[in-house]
There are 4 protein chains.
Amino acid sequence: MHIGIIGLGKMGANMRDRLRNQGITVTGYDRNPEVTDVTSTAELVEALPAPRLVWVMVPSGSITDAVIQDLSERLETGDLVIDGGNSRFTEDFKHAALLQDKGINYIDVGVSGGVWGVQNGYGLMAGGNVDQIERAMPVFDALRPEGPRDESFVHAGEIGAGHYAKMVHNGIEYALMQAYAEGYEMLAKRDDLIKDVTGTFKSWQRGTVVRSWLLELLVKALEEDPELASIEGFVEDSGEGRWTIEEALANAVPVPAMSAAIFARFVSREEDSPAMKAVAALRNQFGGHAVKKAD
Amino acid sequence: MHIGIIGLGKMGANMRDRLRNQGITVTGYDRNPEVTDVTSTAELVEALPAPRLVWVMVPSGSITDAVIQDLSERLETGDLVIDGGNSRFTEDFKHAALLQDKGINYIDVGVSGGVWGVQNGYGLMAGGNVDQIERAMPVFDALRPEGPRDESFVHAGEIGAGHYAKMVHNGIEYALMQAYAEGYEMLAKRDDLIKDVTGTFKSWQRGTVVRSWLLELLVKALEEDPELASIEGFVEDSGEGRWTIEEALANAVPVPAMSAAIFARFVSREEDSPAMKAVAALRNQFGGHAVKKAD
Amino acid sequence: MHIGIIGLGKMGANMRDRLRNQGITVTGYDRNPEVTDVTSTAELVEALPAPRLVWVMVPSGSITDAVIQDLSERLETGDLVIDGGNSRFTEDFKHAALLQDKGINYIDVGVSGGVWGVQNGYGLMAGGNVDQIERAMPVFDALRPEGPRDESFVHAGEIGAGHYAKMVHNGIEYALMQAYAEGYEMLAKRDDLIKDVTGTFKSWQRGTVVRSWLLELLVKALEEDPELASIEGFVEDSGEGRWTIEEALANAVPVPAMSAAIFARFVSREEDSPAMKAVAALRNQFGGHAVKKAD
Amino acid sequence: MHIGIIGLGKMGANMRDRLRNQGITVTGYDRNPEVTDVTSTAELVEALPAPRLVWVMVPSGSITDAVIQDLSERLETGDLVIDGGNSRFTEDFKHAALLQDKGINYIDVGVSGGVWGVQNGYGLMAGGNVDQIERAMPVFDALRPEGPRDESFVHAGEIGAGHYAKMVHNGIEYALMQAYAEGYEMLAKRDDLIKDVTGTFKSWQRGTVVRSWLLELLVKALEEDPELASIEGFVEDSGEGRWTIEEALANAVPVPAMSAAIFARFVSREEDSPAMKAVAALRNQFGGHAVKKAD
């Protein structure tokens, strides 16, 4: 099996490594000359045996658009493009249609696992035609962890289903992190009572109802910095969490925990909260309550 | 009518003024010699004609407890104590029982109106026996705004009902303020589009669905400081909002908007959020996402 | 002043009435022959003196699109189209551009007031060029309540600002209603303590911090049906609330109270909650907790 | 090692089994003659070698109070009582003081693991004096899963710390379940797109960021009933989740995800929502929007 990868950032480069370690031949292309195997997508296409298999692993949005456009002009009938990036699932319909006009196949794959995937393997959610998915199965099997295939891979549905599943996965991920984070604050704020916050989280790793991989990572972080003193409570969001809420709205699904998680991140990035200024101003107006003066 | 007031803070002193303006004789006691009319509660009791009517307007909790205890020892059978402070309604059962043992009557009254009450009048919610409430009606009529009695006064139920109603009122108040505050932030963050935030709020004062007194106060605050630049987004909570959530929990009432309001205040007072540190740490662990380093 | 109105549903017909009562000449068009003044938009355009002023008051989305398209083909240079419907503000940019190509002017106006507007007047938020807004001012003055203009009208900014302001207004409205609704449930569930729920709300109408027009409407509803026994707890949402959350997400504004309001509506419309099925299933799996069997 | 257990319900009986399987001698007492080893606590105390070790595993609140009271009268100086039930941590201070007066030792232990603990082992969080905890260590080692002790056991702090940690654990548990449940609803409502909901969850078991034990249980539940058709979305809460929110309020910790989880359960148990009736009534009042009539 010989596959091309476009995009060798943190995720793409790791995936190339894992695929090679599992015996798959990989030709990678990236604009960054330090990591790329070839100097252009033209050269990439040249290097791959037909019918080709190209895995796209670039930032979602306009960059993915451009890569798909470029591939639609370079690839041939019967080739297969796999978008393994974090595209919004609605983009898949557009990309599939564009490629289909040229007879090029398309499937979408959500990939989970972060920087640990290179050693542990990745969880994979695929959308598209069953024949194309079968065709890419050796790649999926190389990327995913050891163990039964259905515990780390799913053919979730037609085009878009893979990215939709990944989007939901990320919404869950946001809420799971918020859950542990709220628990962390509850333990940390009672340091008069709880003398070993790290040890408490660590004791949950086996036997408890809340055991999970994220819990293990939180223990790891706390072992490195027990009061998280070196880290600011400033949290980015990648945009995918927002899509999850938008899709929940579109389908009338109540997602209070997921939205709580994303709103907490928004607040974390505000130097001062306009909304809380307004509340402070209101309390001052009706109750004469003192406000904290800004400098 | 001659009434005693214990507690001449911001609220108590204002209420004394309003009562006097309405023709009620008031003897007030406060530990602060600059505002008090008499030098002790003994003197206060002395000054009032029997059967006496004493309005308690001191901070809830141990201070109210002490005042009620003191009155239970000084007052006589047939006297009436009105707790107009912000006591938790569960305290009323205790206070009523303590006084009842001495034949002293008790009613609880929730008072709303803030610093504006002295001129506008106060909204009043009373709990207790109908005879005692009738007895205090001239005081209620003097305190409340002009207009039909039932638009600013309610006999909500037996002992505790007044403070329970006031507690719910405050929970609503928290959520209303949060509603306007979220709207404020949505307008303020789009200053590329919305050129007149103050004017937008002001235009809602007549005709719209969202018109209210709090809206008018927000307009007033914005007219004084259009970007609320002098105010920090730091908001205290008086404790009553917490009781509202606790009672909601006790009665299995979902209160997501009220709790959102109180949690937003908690966050506003944190210099850094332990929970968000934990989320940042987790993202760093699984995704290698950069964290913002604390100084 | 002579104005055309397209769309004579509940809102449009009421506005025609109010305008006529205020001395404005109105020619209205609606597909419904029972309410329309003319039989076609062609006839409407014919009936209006140039330069024309046409107020569009039809459902947002494809219907508004079609009306604007139609007007772009029928109106002349110098005419003015006002979209007073509930269009998403992002639509305004598109509509303005389409009309501008023909030299036709455009402004967007958010209108609040519901069925009461015909008698009370409407709150109005306008976006667009100041000259066009001045031109329509006699119409705005006729529509809005008596009192200072700036308490019921704002020129909020350029094109789109009127609808953006109205969208935020609606988000606030959702959260305000949720606030009172949570308070209602807290009072209603303690009917052992609170003997007069309607009276309690009514007593908040004067003097209190929570007084508002929505409160008055809730009192009215409770006076008609004190236990709301005739009404199911089933609440639609018009879509505008969702836009508000989407815009909040786009601008990283935390809106926990607004989103709580919309999620509560989503839940209210579910016959059974898939999410709660999943929680029940989980509790059964780990704890052996009984589930309630579906029929 | 010979230990007594009071309370042989689902959890207590399972723990007796596990302890015996691990070579600990156990005498159990329960009011239910079918499961008890002895006929009274007197007999239990008799059966145990001094200094005795008694594990209390009964429902929290008045039943635990009564058992501790009984033990305080039957045990002797130097004996040790372990409350392994789900008592609120504030109860521990009271229980410890009561026993200490008689020279009886006390530690509190939070136990997690559900019905699976008997085979997998339990996660344990202990509070109290280090000497007493060391003394009970053979019991803890028998109860907890294989693997490093600190991955399933923690000495979290002094008296109360074990139950506080367990309470936080349960708050996290609530929010984790809510997270997966929201994701489930998002997948289930798009069955036009997602053709294999069970398979999607199953594919997350290895490699993904969201893998956890609760996820595995959800997969198990879905494999048994892929649409959860046999289960109603009706979810009890044990009361511990409420304590978590109450403690969060007491310590000013924002817990929006935990509270979302508990409010969702409250709603799930309401036949109709009073709050949503109020919102429907309001919409009808201001906008003339139709309400759904109750039967």
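What counts as what
- Note on numbering: residues in each chain are counted from 1, in written sequence order.
- Written order decides the labels, with chains lettered from A and ligands numbered from 1.
- Restriction of local features to residues with pLDDT of at least 70 applies here, the model being predicted, together with a cutoff of 80 or more for giving and counting side-chain atom pairs; totals for whole chains, interfaces and linings are based on all residues.
- To get the side-chain values, all heavy atoms of the structure are used, and hydrogens and water are removed first.
- Only protein chains enter the accessibility calculation, which uses a 1.4 Å probe; a residue whose area is less than 20% of its type maximum is buried, one above 50% is exposed, and one in between is partly exposed.
- Under the DSSP-based scheme used, a helix requires at least four consecutive residues in state H or I and a strand at least two consecutive residues in state E, with every element numbered from the N terminus.
- One requirement defines pairing of two strands: DSSP has to find at least two bridges between them.
- For a crossover, the right-handed case is the one in which the path from the first strand over the helix to the second runs clockwise, viewed with the strands pointing away from the viewer.
- Multiplying 1.5 Å by the residue count of a helix minus one yields the expected span of that helix.
- By definition in these notes, contact holds between two residues if any of their heavy atoms fall within 4.5 Å.
- For the purposes of these results, a polar contact is taken to be a pair of N or O atoms within 3.5 Å, where, inside protein, one atom must be able to donate a hydrogen and its partner to accept one; residues adjacent in sequence count only when each atom of the pair is a side-chain atom.
- Least-squares fitting of one copy onto the other uses the C-alpha atoms of those residues that reach a pLDDT of at least 70 in both copies.
- Note on definitions: angles span 0 to 180 degrees between N-to-C directions of axes, and those axes are lines fitted to C-alpha atoms, for helices only across the stretch in contact.
- Salt bridge criterion: a side-chain nitrogen from Lys or Arg within 4 Å of a carboxyl oxygen from Asp or Glu.
- Classification used: nonpolar for Ala, Val, Leu, Ile, Met, Phe, Trp, Tyr, Cys and Pro, charged for Asp, Glu, Lys and Arg, polar for all others including Gly.
- Working rule for angles: under 35 degrees goes down as roughly parallel, over 145 as roughly antiparallel, 65 to 115 as roughly perpendicular, anything else as oblique.
- Note on convention: the crossing is left-handed when the near helix lies turned anticlockwise from the far helix by less than a right angle, right-handed when the turn is clockwise.
- For every residue, the predictor assigns a confidence score, pLDDT, that lies between 0 and 100.
- As a working definition, buried area equals the accessible area (1.4 Å probe) given up by two parts on being put together, with both sides summed.
- In this document the domain limits rely on a domain assignment from an automatic tool or a database.

**Re the pairing of strand β5 (residues 105-112) of chain A**
Residue and element names in this part refer to chain A. When you tally the buried positions in β5, you get seven out of eight residues, the bulk of the element. Bridge analysis of strand β4 (residues 80-83) against β5 gives four bridges, and the strand direction is parallel. By the bridge assignment, Val81 is partnered in β5 with Tyr106. Regarding the hand of the β-α-β motif, the stretch spanning β4, helix α4 (residues 89-100) and β5 is right-handed. With five bridges connecting them, β5 and strand β6 (residues 123-127) associate as antiparallel partners. Bridging from a neighbouring strand, Ser112 pairs with Gly123 of β6.

**Comments concerning helix α10 (residues 213-224) of chain B**
End to end, α10 of chain B covers 17 Å across twelve residues, agreeing with the expected 16 Å (1.5 Å per residue, within 8%). For α10 of chain B, the secondary structure elements touched by its buried residues are α13 (274-287) of chain A together with α8 (161-188) and α9 (197-203) of chain B. For α10 of chain B, the N-terminal capping position is held by Ser212 of chain B, with its side-chain oxygen 3.4 Å away from the main-chain nitrogen of Leu214 of chain B.

**Some details on the side chain of Arg52 of chain C**
Looking at where Arg52 of chain C falls in the secondary structure, it is placed in the loop between α2 (41-47) and β3 (53-56). When residues no more than four places from it in sequence are discounted, the contact partners of Arg52 of chain C are Val45, Leu75, Glu76, Asp79, Leu80 and Arg135 of chain C.

**Describing the environment of Ala165 of chain C**
Topologically, Ala165 of chain C is positioned in helix α8 (residues 161-188). Given the relative accessible area of 0%, Ala165 of chain C is considered buried. The spacing of Ala165 of chain C and Ala126 of chain C is 39 residues in sequence and 8.5 Å in space, taken between C-alpha atoms. In contact with Ala165 of chain C, other than residues within four places in its own chain, are Leu187, Ile194, Thr200 and Trp204 of chain B together with Met125 of chain C.

**Digging into the relation of the copies chain C and chain B**
The operation relating chain C to chain B is a screw motion whose rotation component is 180°, with 0.0 Å of axial translation and a residual RMSD of 0.0 Å. Those values place the two copies in the arrangement expected of a two-fold rotation axis. For chain C, the minimum C-alpha distance to the rotation axis belongs to Ser212 of chain C and amounts to 1.9 Å. Both copies contact each other with a shared surface, as 100% of the interface residues of chain C are interface residues in chain B too.

**A closer look at the relation of the copies chain A and chain B**
Its rotation angle being 180°, the transformation that places chain A on chain B also includes 0.0 Å of axial translation and leaves an RMSD of 0.0 Å. Both copies contact each other with a shared surface, as 100% of the interface residues of chain A are interface residues in chain B too.

**A look at the sheet that holds strand β3 (residues 53-56) of chain B**
All names here are of chain B. Strand order across the open sheet formed by seven strands is β2-β1-β3-β4-β5-β6-β7, with mixed pairing between neighbours. A strand with exactly one partner marks an edge of an open sheet, and here the two such strands are β2 (25-29) and β7 (153-157). For this sheet, the mean inter-axis angle between neighbouring strands, taken without regard to orientation, is 25°. Across five bridges, strand β1 (residues 2-6) lies against β2 in parallel orientation. Its bridge partner being in β2, Gly4 is matched across the sheet by Thr27. With respect to the sheet, α8 is in contact with β4 (80-83), β5 (105-112), β6 (123-127) and β7, its orientation differing from that of β5 by roughly 15°.

**Some thoughts on the interface of chain A and chain B**
The partner chain B presents 56 residues to the 56 residues of chain A that form the contact. Our count for the contact surface shared by chain A and chain B stands at two salt bridges. Note that Glu270 of chain A and Lys189 of chain B form a salt bridge whose closest N and O atoms lie 2.7 Å from each other. Counting across the chain A and chain B interface gives 26 residue pairs in polar contact (both at pLDDT 80 or more). Of all the elements in the fold, those that place two or more residues in the side of chain A that touches chain B are α8 (161-188), α10 (213-224), α12 (256-268) and α13 of chain A. With 13 residues, the top contributor of residues to the side of chain A that touches chain B is α13 of chain A. For the side of chain A that touches chain B, the per-class residue count stands at 28 nonpolar, eleven polar and 17 charged.

**Some details on the pairing of strand β1 (residues 2-6) of chain D**
Residues and elements named next belong to chain D. Burial of β1 is extensive: four of the five residues sit out of reach of the surface. With helix α1 (residues 10-21) bridging β1 and its parallel neighbour strand β2 (residues 25-29), the resulting β-α-β unit is right-handed. Of the strand pairs in this sheet, β1 and strand β3 (residues 53-56) are connected by three bridges, and their pairing is parallel. The residue of β3 that forms the bridge with Ile5 is Trp55.

**Considerations on helix α13 (residues 274-287) of chain D**
Residue and element names in this part refer to chain D. With 14 residues, α13 extends 20 Å between its outermost C-alpha atoms, agreeing within 8% with the 20 Å of an ideal straight helix rising 1.5 Å per residue. The element α13 is largely enclosed, with a buried count of 13 among its 14 residues. Two residues or fewer after α13 comes Gly288, characterised by a positive phi angle close to 70°.

**Some thoughts on the packing of helix α3 (residues 62-74) of chain D against helix α4 (residues 89-100) of chain D**
Pairs of packed helices are described in terms of their axes, by the angle between the two and the distance that separates them. Residues and elements named next belong to chain D. Relative orientation of the contacting elements α3 and α4 amounts to 15°, with a least axis distance of 9 Å. Compared by their axis directions, α3 and α4 come out roughly parallel. Once α3 is placed against α4, the crossing between them reads as right-handed. Residues Thr64, Asp65, Ile68, Gln69 and Ser72 of α3 pack against Glu91, Lys94, His95, Leu98 and Leu99 of α4.

**As for the confidence of the model for chain A**
Counting all residues, the mean pLDDT for chain A is 97, and 100% of those residues have values of 70 or more. Under the prediction, the complex receives an ipTM of 0.97, its pTM being 0.97.

**Topic: the interface of chain C and chain B**
Listed by partner, the interface residues are 77 residues for chain C and 77 residues for chain B. In this assembly, chain C packs against chain B so that about 6,100 Å² is buried in total across both faces, 67% of it on carbon and sulfur atoms. For chain C, the biggest contributors to the area lost against chain B are Met186, Arg206 and Val209 of chain C; these three give 13% of the whole. Joining chain C to chain B, the criterion identifies four salt bridges. Note that Arg206 of chain C and Glu151 of chain B form a salt bridge whose closest N and O atoms lie 2.6 Å from each other. Taken together, chain C and chain B are joined by 26 residue pairs in polar contact (both at pLDDT 80 or more). Where the side of chain C that touches chain B is concerned, the elements lending two or more residues are α4 (89-100), β6 (123-127), β7 (153-157), α8, α9 (197-203), α10 (213-224), α11 (240-250) and α12 (256-268) of chain C.

**Points about the domain arrangement of chain A**
Residue and element names in this part refer to chain A. Per the domain assignment, the segments making up chain A are domain 1 (2-157) and domain 2 (166-287). The interface of domain 1 with domain 2 comprises twelve residues on the first partner and ten residues on the second. Summed over both sides, the interface of domain 1 with domain 2 buries roughly 940 Å², with 59% coming from carbon and sulfur. When the area that domain 1 buries against domain 2 is broken down by residue, the three leading residues are Asn86, Arg88 and Trp116, summing to 57%. Where domain 1 meets domain 2, there are two salt bridges. Note that Arg88 and Glu247 form a salt bridge whose closest N and O atoms lie 3.2 Å from each other. At the surface where domain 1 touches domain 2, the tally comes to six residue pairs in polar contact (both at pLDDT 80 or more). The biggest single contributor to the side of domain 1 that touches domain 2 is β5, with three residues.

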